[in-house]
Amino acid sequence: MTVEAQSVLVPHGADAAAIAALSWVMFAGAAIIALGVLAFAIAAYRGGPGLRKKLSDDRFILTWGAIVPTAILTTLLTYGLTLTGARVMPAAADELKVEISGEQWWWRVRYPATEQSSAFTTANEIRIPVGRQVEIKLSSADVIHSFWVPNLAGKVDMIPGTVNHIRLTATKAGIFRGQCAEYCGGAHALMAFHAQALEPAEFSEWLIDQQQPGIAPVTAQQRQGSETFLLGGCGACHTIRGTQAQGTVGPDLTHVGSRIALVAGMLPNDAKSFSEWIANNQHIKPNNRMPPFRIFPPAELAALGIYLDSLK
Ligand code: CUA
């Protein structure tokens with residue numbers, strides 16, 4: 001699965017496109033104004049006495065120092081509010097609702113119940129249908145984080161004790177990288193996620209899959225891994241629906257094997273990465289809330305990784 005280059009300059013969302021257009025208008029305007037100021041400065045420095053007198057004339061200063069900047073800034077404000085602001089704000093009737101909570105240093109994602117589907121929780125990724133507006137409720141469990149998928153929309157802070165909203169609409173199928181855009185502690189730079197825009201039919205399938213309980217282990221190694229998971233106390237912090245593991249401190253792992261990446265975008269999603277994370281997580285993401293589990297013998301650790309990877 002290829003992830004699109006994370007860039008504000010390559011919008012694949014209606015809101016990101018409006019913001020990118022505004023940015024280009026501002027960039028072009030600022031470039032023209034900067035060149036104008038430079039021309040005036042050169043004229044004032046190098047020009048003859050006649051030109052310099054003109055440049056220091058009251059009317060010239062009033063025009064170029066007050067009237068023109070006021071006109072430009074008023075136009076820009078009107079443009080920003082009407083064209084960009086108005087496009088980014090309004091709610092569509094059939095918008096999909098998602099709730100995301102920022103946590104040090106991962107993303108708790110909840111899809112609330114709708115007429116078609118029951119509620120479920122996932123982590124570190126959102127999947128959305130192409131062409132349909134999504135409203136995301138943003139909150140935080142600890143410190144201020146900021147939700148940002150540059151290819152799809154602008155960024156909005158996630159603030160403890162309040163709920164902010166962001167709306168986005170993907171105009172193209174693909175996987176887009178997002179990241180926390182507000183310094184939130186030591187591992188802030190290790191707090192990424194993915195937003196995958198799927199064709200509506202594929203999205204409906206994904207919704208159905210996500211509502212199922214975790215897949216029961218089939219092979220001997222998967223069974224061993226499942227046993228290790230439950231006996232090792234992993235369920236105190238993690239949920240795998242359909243098992244006794246019902247903890248909610250850490251990410252829900254019911255379908256963790258189907259996710260685009262592990263550890264908030266830091267590791268590829270494979271059995272080896274799971275084992276690596278379980279034993280060395282404090283090295284991979286210092287001070288995260290999961291203790292390093294070095295208690296498992298290598299065979300058990302490998303089985304645990306294989307079991308978690310099987311939770312598609
Ligand atoms: Cu969360 Cu920076």
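Residues numbered from 1 in each chain as written. Predicted model: local features only at pLDDT ≥ 70, side-chain atom pairs only at ≥ 80, totals over all residues. Heavy atoms only, no water.

Some points on the overall build of the protein chain
Argument step 1. Counting its secondary structure elements, the protein chain contains seven helices and twelve strands.
Argument step 2. The C-alpha atoms of the protein chain give 26 Å as radius of gyration, which overshoots the globular expectation for 312 residues (20 Å, by more than 25%).
Argument step 3. For the C-alpha atoms alone, the extent of the protein chain along its principal axes is close to 90 × 45 × 35 Å.
Argument step 4. Counting every position in the protein chain, which comprises 312 residues, the buried fraction comes to 43%.
Argument step 5. Within the protein chain, counting contacts between residues at least 6 apart in sequence, those at least 24 apart form 62% of the total. (Helix = DSSP H or I, 4+ residues; strand = E, 2+ residues; numbered from the N terminus. Rg over C-alpha atoms; globule rule 2.2 N^0.38 Å. Buried < 20%, exposed > 50% of the residue type's maximum accessible area, 1.4 Å probe, protein only. Contact = heavy atoms within 4.5 Å.)

Digging into helix 5 (residues 220-231)
Argument step 1. Helix length check: helix 5, at twelve residues, gives a terminal C-alpha distance of 16 Å against a target of 16 Å (1.5 Å per residue), a fit within 8%.
Argument step 2. For helix 5, the set of buried residues is Q222, G225, S226, T228 and F229. Along the axis of helix 5, the buried positions cluster into a sector of 160°, meaning they face one direction only. Relative to its buried face, helix 5 has exposed residues pointing more than 90 degrees away, namely A220, E227 and L231.
Argument step 3. Residues of helix 5 that are buried in the fold lie against helix 7 (298-310). (Expected span 1.5 Å × (residues − 1). Arc of directions from axis to C-beta.)

What to know about the sheet that holds strand 1 (residues 96-103)
Pairing between the strands of a sheet is mediated by backbone hydrogen bonds and can be parallel or antiparallel.
Argument step 1. Across the sheet, which stays open at both edges, the five strands sit in the order 3-2-1-5-8 with mixed pairing between neighbours. This sheet does not close on itself; its edge strands, each paired only once, are strand 3 (120-123) and strand 8 (164-168). Neighbour-to-neighbour, the strand axes of the sheet open up by a mean angle of 25°, direction not taken into account. (Pairing = 2+ DSSP bridges. Axes fitted to C-alpha atoms, helices over the stretch in contact; angles between N-to-C directions.)

Let's talk about the pattern of salt bridges
Argument step 1. Evaluated as defined, the whole model comprises ten salt bridges.
Argument step 2. We note a salt bridge from E103 to R108, for which the minimum N-O separation is 2.8 Å.
Argument step 3. A salt bridge links D309 to K312, with the nearest nitrogen and oxygen atoms 3.6 Å apart.
Argument step 4. By relative accessible area, which is 18% here, D309 ends up buried.
Argument step 5. Several salt bridges share partner residues, and in doing so they unite E95, K97, E135 and R167 into one network. (Salt bridge = Lys/Arg side-chain N within 4 Å of Asp/Glu carboxyl O.)

Description of the environment of Q212
Argument step 1. Mapped onto the secondary structure, Q212 falls in the loop between helix 4 (200-211) and helix 5.
Argument step 2. The partly exposed category is assigned to Q212, whose relative accessible area is 40%.
Argument step 3. Within the structure, Q212 has its side chain in polar contact with the backbone oxygen of I208 (distance 3.1 Å). (Polar contact = N/O pair within 3.5 Å; in protein donor to acceptor, adjacent residues only side chain to side chain.)

Focus: the sheet that holds strand 10 (residues 192-198)
Argument step 1. Pairing within the open sheet is mixed, and its five strands lie in the order 4-10-9-6-7. A strand with exactly one partner marks an edge of an open sheet, and here the two such strands are strand 4 (125-129) and strand 7 (155-158). The sheet shows a mean angle of 25° between the axes of neighbouring strands, taken without regard to direction.
Argument step 2. In terms of strand pairing, strand 6 (residues 145-148) meets strand 7 through four bridges, oriented antiparallel. Bridge pairing in strand 7 places S146 opposite D157.
Argument step 3. Packed onto the sheet, helix 4 meets strand 4 and strand 10 and runs at close to 135° relative to strand 4.

A word on the packing of helix 5 against helix 7
Argument step 1. Packing of helix 5 against helix 7 brings their axes to within 7 Å, and their N-to-C directions diverge by 100°. When the axes of helix 5 and helix 7 are compared, the pair comes out roughly perpendicular. Contacts from Q221, Q222, Q224, G225, S226, T228 and F229 of helix 5 reach helix 7 at A299, E300, A303, L304, I306, Y307, L308 and S310.
Argument step 2. Classifying every residue of the contact of helix 5 with helix 7 gives seven nonpolar, seven polar and one charged. (Parallel < 35°, antiparallel > 145°, perpendicular 65-115°, else oblique. Nonpolar A, V, L, I, M, F, W, Y, C, P; charged D, E, K, R; others polar.)

Remarks on the side chain of E103
Argument step 1. Looking at the element boundaries, E103 is found in strand 1.
Argument step 2. You can call E103 buried: its relative accessible area is 7%.
Argument step 3. At a separation of 3.1 Å, a polar atom in the side chain of E103 contacts the side chain of S101.
Argument step 4. Polar contacts involving the side chain of E103 include one to the side chain of R108, which spans 2.8 Å.
Argument step 5. Dropping the residues within four chain positions of it, E103 is found in contact with R108, A141, D142, H145, M191 and V249.

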